[in-house]
Amino acid sequence: MWRSMCEVRSAAQYKRMKIYIEVLVGFILVYVVQFSLADTNPIDVAAINKLYAALGNPVLPGWVASAGDPCGEAWQGVQCNGSLIQQINLIGANLGGELGDSLGEFVSIKSIILSNNHIGGIIPLSLPVTLQTLFLSANNFTGSIPTSLSTLTELTATSLNDNLLSGEIPDVFQSLTLLINLDLSNNNLSGELPPSVENLSAVTTLNLQNNKLSGTLDVLQDLPLKELNVENNLFSGSIPQKMLSIPDFRKDGNLFNLDGNATVAPAHPPHSPVTTAPPSGTVVSGTPASGRVPTKHADGPTASKQSSSGKSKKNTKRVVWITISGILGFIILALGLVLFIPRCGRRERVERTSKPHRPGAYGGERKSPWDNGPLVQPPSETEKVPKVAVTRPKENHQAEKDEQRMETLPKLLSHEIDMSALDVHSMPPPPPPPPPAPPLAAEKVIVEPTTFPGGDNVNPSKRSPIPPTFAKCFTIASLQQYTNSFSQDNLIGLGMLGSVYRAELPDGKILAVKKLDKRVSDHHKDDEFLELVNNIDRIRHANIVELIGYCVEHGQRLLIYEYCSNGSMYEALHSDDEFKTRLSWNARIRIALGAARALEYLHEQCQPPVIHRNFKSANILLDDDLSVRVSDCGLAPLITKGSVRQLSGQLLAAYGYGAPEFESGIYTYQSDVYSFGVVMLELLTGRQSYDRTRPRGEQFLVRWAIPQLHDIDALSRMVDPSLNGAYPAKSLSNFADIISRCVQSEPEFRPAMSEVVLYLLNMIRRESQQNESNER
Ligand SMILES: Nc1ncnc2c1ncn2[C@@H]1O[C@H](COP(=O)(O)OP(=O)(O)OP(=O)(O)O)[C@@H](O)[C@H]1O
C-alpha cells in the first residue's frame, strides 16, 4: 500500500489522495472527540451504582442506583478524567451502609476518600489496583485489614484509623514502595508488625497508636520516618538506636526495655475512636469467617477486575478495549499517512511548494482569559523556596509595589486589554478548571507537616535556647496586671491552642494576649518555644498580625500580639448583621486580596517559607479601616503535635476548610490555597464554611457551591443577599473562577498564591478602569 502510494505520479492523483486522507483524519478526530466526551465508562457506572446501593442509597446530589452518567452529570464528590472516574470524595457526608464488593471494578480510579462517615461492614477484599489514595478513617469498619492491600502498588497514602478493625496487620507491604503516609491508629489491631513493613521505603508518617500491637519495632528501623507514633500498644524489647533520631517519635504507653530494664511507660488513655472499639476477644459482627483469604486480586489488575466482574462485564470491557484499540489503530494509520504522503510527494515531486501550516479545529487548546499561560509559573514545592530571603517591612508601599507588579506583566495586561475590547457581556461564562491530569508523583507534591525549625535531624533537647531578637519578653506579673488577672471580661475568645485576652498597657495601648493551653505548652520545651517565637518574629508583613512579645514563666507560655479592633472576618460576616452590610463587594475583594497577599508572603517570600495550616475566616482579623491582618501565622509547629494535631485536622475538616489531602495528614502550601478558596466562597455567599442549620446538601459550603460556580444564573442566586445586588456581574464571575481554581481537589492544579494575588489585582484594575470610563 505504502509503495503504491509513493508511486502515485500525477498531481491530480496526489491531490485526490490528500483530500481523501484529510477527510478520513477529520472523521477519526470527530469520532475520537465524541468518544472522549461520551458518557461515563459503563464499567465505572456499574461499579458506582453498586457502591451507591451498598451505601444504602443515601441522598447524594446526582447519584442513582442504576445507570446515570456520573461524569457528565457531575455527581457529587465524583471527579473524572474524560469518561473515567478518577476520584470519589465524600468526606463527612453522613454515609452509612457498607462499601459492597464493587470497588475493585472501577477502571482507573485513583482516589477514594470516605472518611468521617458511619460506613460499616468490612473493608472490601476487592480494591482497585489503580488507587493512589484510600482514606477510610473515622468510620465503623470491622474485620481485618484486607490482604488485597498488597495489590495497591501505586498507593501513596492511606488512612484506616479510627475504625473497629481487629486481628493482625497482614503481611502485605512488600510492593507498597510508594506509600508515604499510613495511619492505622485507634483500632483494635493486635500481633506483631509483619516483616514486609520494612519494604515501605517511602514512608515518612506512620501512625499505629492506640492498638494492641506487640513485639519489637525492629522492622521500622531502616525506614525514612519523620513521624512515628506507636503510643499505647504492647510493644516491647529495646528501641533500635537509629530510631531515636526520628524527628517526631512518640512511644509512651508500651513495655519497652529501656536501659536493660523492662519498663512500663506511663500509658495514656487511648484516644477514643469515633465509635467505641469492642473489647479484645469479642467476635465482631460482620467479621467474615473466611473472608481474609487472599483472592485472585493478588494476581494483578487483570485478574482482580475479572474476578470481580461477571461475564457480561467482561464482554463490555472487551468491546470497550476493541473500540479503543480500533481508534488508536486508525489514528496511527492516519498519522502515518499524513506523515508519509508529503515525504512521498517530496520525493516524487520536488518542485511542489509546501502549504503553510494551519492548525485545524482541534489543533490548539482552547484559551480563556485566565489561560493565557500561567501568570506566574506555579512553583513546585522546591521552586517555591525563594533563593534569597525577602522580608517585607511593614511600612512597605503596597500600592506602588502593585503598580510595579502590574507593569511587569505586560503579557497579562495586553491580553486583558484585548479581552476588554470585546463585549464582556456576550462572553461565555468562565471556563471550568482544567480537567484532572494524572497526579504528579507524590513526593513532588507532599510537603511534610511543618516541624520545629532548626532542622529535622536536630534532637530538640540538644538545641540551645536562642533568645528572640525583637520580640519583647513580658513577665506573668505584668500581663496579669494588664489583663486584670486574665479576667473573663477581658477574654476575647477561645481557640484550639488556648485563650485570647485583651490587655491594656499603662500607656493605654491595647494588645491581644494568647495564653497557650497546658496541653500545648507541655509538648514543647522552653528552648523550642523561644525558637518558635524567634521564627514568628521574623514574619513581618502588612497583612499579618504582628507579634509584640512573649512570656515563658512557671511552665506558662504566652504570645502577645497587636490588637485588631474590628474582630475577625468570620464575626463580620456571620455574627454581626450590621457589620455585614458594611462589607461591600469592593471591601470583600480587598479583604480577599489582603489575605491572599499574606499567604503569598508566607509561601513564597518568607524565609524559611511558612505553611499556615489553619487558614480560615476566624483567623483573618480586621483593623480599624478593615485592612486585613492574618493571625496565627507561624503557629503550625504547635498544632503538628499530639492531640492538637488531631483536633486541628478534625476542626479544619469538620468546618469545611480542610483540603481533601489533609485527611491523610498531608498538608502542603496548596492545602492553604484550598482553605483560601473556602474563605473567598464565604465572602461571595455570606455563608459559613459549614452550617449545620442548613438543609443537608447545603451544609458544607464547598460541596454546595462548586457545581454552581460556572453557571451565571446559579452564581447570581448564590451571592450574599446582603449585597443587595450591588456588584458587577463580570467581577462576580471572575471571583468565582478564582475560587474554583483554589478548591480543586487535586492539589497540584491549585494556583500559587502569587497567581491569586495577580488575578485579584487585575480584577480591581479592570473595575477601576470601568468606573473611570463610566464617569467620563
Ligand atoms: N490580635 C488579635 N486581636 C483581636 N482579636 C484577636 C486577636 N487574636 C485573636 N483574636 C480573637 O480571639 C479569638 C480566639 O482566637 P484564636 O486564634 O485563639 O482562635 P480561633 O482563631 O477562633 O481558632 P483556632 O484556634 O482554630 O485558630 C478569635 O475570636 C479572634 O478573633
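Residues numbered from 1 in each chain as written. Predicted model: local features only at pLDDT ≥ 70, side-chain atom pairs only at ≥ 80, totals over all residues. Heavy atoms only, no water.

For the protein, the name recorded in an unreviewed UniProt entry is Protein STRUBBELIG-RECEPTOR FAMILY 3-like isoform X1, with Cicer arietinum as its organism. One UniProt comment on the protein, placed under Subcellular location (unreviewed entry), says "Membrane". (UniProt positions renumbered as here; feature names shortened; annotations may be inferred.)

Engineer: Teacher, can you tell me more about the state of the cysteines here?
Structural biologist: Each disulfide is one covalent bond, formed between the sulfur atoms of two cysteines. With the rule as written, the count across this model stands at one disulfide. Here cysteine 71 engages in a disulfide with cysteine 80; their sulfurs sit 2.0 Å apart. Here the disulfide of cysteine 71 and cysteine 80 is left-handed, its torsion about the S-S bond being about -85 degrees. Take cysteine 71 and cysteine 80: they sit in the same class, and that class is buried. For cysteine 606, which is in no disulfide, the shortest distance to another cysteine sulfur is to cysteine 633 and amounts to 8.9 Å. Relative accessible area serves as the criterion here: at 3%, cysteine 606 is assigned to the buried category. (Disulfide = S-S within 2.5 Å. Buried < 20%, exposed > 50% of the residue type's maximum accessible area, 1.4 Å probe, protein only.)

Engineer: Could you clarify how one ought to interpret a negative patch on the surface in this entry?
Structural biologist: Side chains of Glu571, Asp576, Asp577 and Glu578 sit close together on the surface and give a patch of like negative charge. Looking at the secondary structure, you find aspartate 577 in helix 13 (residues 577–582). (Patch = residues over 30% accessible without salt bridge, like charges linked within 9 Å, V, L, I, M, F, W, Y side chains within 5 Å. Areas by Shrake-Rupley, 256 points an atom, 1.4 Å probe, with all protein chains shown as cover. Salt bridge = Lys/Arg side-chain N within 4 Å of Asp/Glu carboxyl O. Lys, Arg positive; Asp, Glu negative; His and termini not counted. Charge placed at Lys NZ, Arg CZ, Asp CG, Glu CD. Helix = DSSP H or I, 4+ residues; strand = E, 2+ residues; numbered from the N terminus.)

Engineer: Help me understand the site of the ligand, please; the structure alone is not making it clear to me.
Structural biologist: Taken together, 19 residues form the shell around the ligand, and within it Met496, Lys514, Lys616, Asn619 and Asp632 come nearest. Asparagine 614 is positioned with one of its side-chain polar atoms (N or O) 3.0 Å from an oxygen atom of the ligand. Separating an oxygen atom of the ligand from a side-chain N or O atom of lysine 616 is a distance of 2.5 Å. Sorting the residues of the shell around the ligand by element identifies strand 17 (491–494) and strand 19 (510–516) as the ones contributing at least two each. Looking at the shell around the ligand residue by residue, the classes come out as nine nonpolar, five polar and five charged. When residues of the shell around the ligand are assigned to domains, at least three fall in each of domain 2 (479–563) and domain 3 (567–770). (Near = heavy atom within 4 Å. Polar contact = N/O pair within 3.5 Å; in protein donor to acceptor, adjacent residues only side chain to side chain. Nonpolar A, V, L, I, M, F, W, Y, C, P; charged D, E, K, R; others polar. Domains from an automatic or database assignment.)

Engineer: Looking at this structure, I do not really get the pattern of salt bridges. What am I missing?
Structural biologist: Between side chains of opposite charge, a pair can form as their charged atoms come close. Within this structure, the stated rule accounts for 14 salt bridges. Put simply, aspartate 222 and lysine 242 hold a salt bridge, and the shortest N to O gap is 2.3 Å. Here lysine 242 lies in the loop between strand 12 (234–237) and strand 13 (248–250) and aspartate 222 lies in the loop between strand 10 (212–215) and strand 11 (227–229), a separation of 20 residues in the sequence. Accessibility expressed as a relative area gives 58% for aspartate 222, which makes it exposed.

Engineer: Help me understand the sheet that holds strand 17 in this model?
Structural biologist: Strand pairing in a sheet relies on backbone hydrogen bonds, with the paired strands running either antiparallel or parallel. Strands sit in the order 16-20-21-19-18-17 across an open sheet of six strands; the sheet is mixed. Taken across any chain shown, the strands that pair with only one partner, and hence form the sheet edges, are strand 16 (472–473) and strand 17. Looking at chain direction, strand 16 and strand 20 (residues 547–553) are connected through two bridges and run parallel. In the strand pairing of strand 20, lysine 472 is matched with glycine 549. Running at roughly 175 degrees to strand 20, helix 11 (residues 526–538) makes contact with strand 19, strand 20 and strand 21 (556–562) of the sheet. (Pairing = 2+ DSSP bridges. Contact = heavy atoms within 4.5 Å. Axes fitted to C-alpha atoms, helices over the stretch in contact; angles between N-to-C directions.)

Engineer: Got a minute to help me understand the packing of aromatic side chains in this structure?
Structural biologist: What characterises a pair of aromatic rings is the spacing of the ring centres plus the angle enclosed by the ring planes. By the definition in use, this model includes eight aromatic pairs. On the numbers, 6.5 Å between centres and 5 degrees between planes, the contact of phenylalanine 235 with phenylalanine 256 is stacked. Of the two residues, phenylalanine 235 is situated in strand 12 and phenylalanine 256 in strand 14 (residues 255–258); the sequence distance between them amounts to 21 residues. Aromatic side chains tryptophan 585 and phenylalanine 735 sit 4.9 Å apart centroid to centroid with 65 degrees between the ring planes, which places their arrangement in the edge-to-face category. Here phenylalanine 735 lies in helix 20 (residues 729–742) and tryptophan 585 lies in helix 14 (residues 585–605), a separation of 150 residues in the sequence. Pair check on accessibility: tryptophan 585 and phenylalanine 735 agree, each one buried. The rings of Tyr52, Trp63 and Trp75 are connected pair by pair, giving a single aromatic cluster. Here the guanidinium or amino end of arginine 582 rests over the ring plane of phenylalanine 579, the centre of that ring lying 4.7 Å away. One residue, arginine 687, lies across the ring of tryptophan 704, its end atom 3.7 Å from the ring centre. (Phe/Tyr/Trp six-rings, centres within 6.5 Å; stacked < 30°, edge-to-face > 60°. Lys NZ or Arg CZ within 6 Å of the ring centre and 35° of its normal.)

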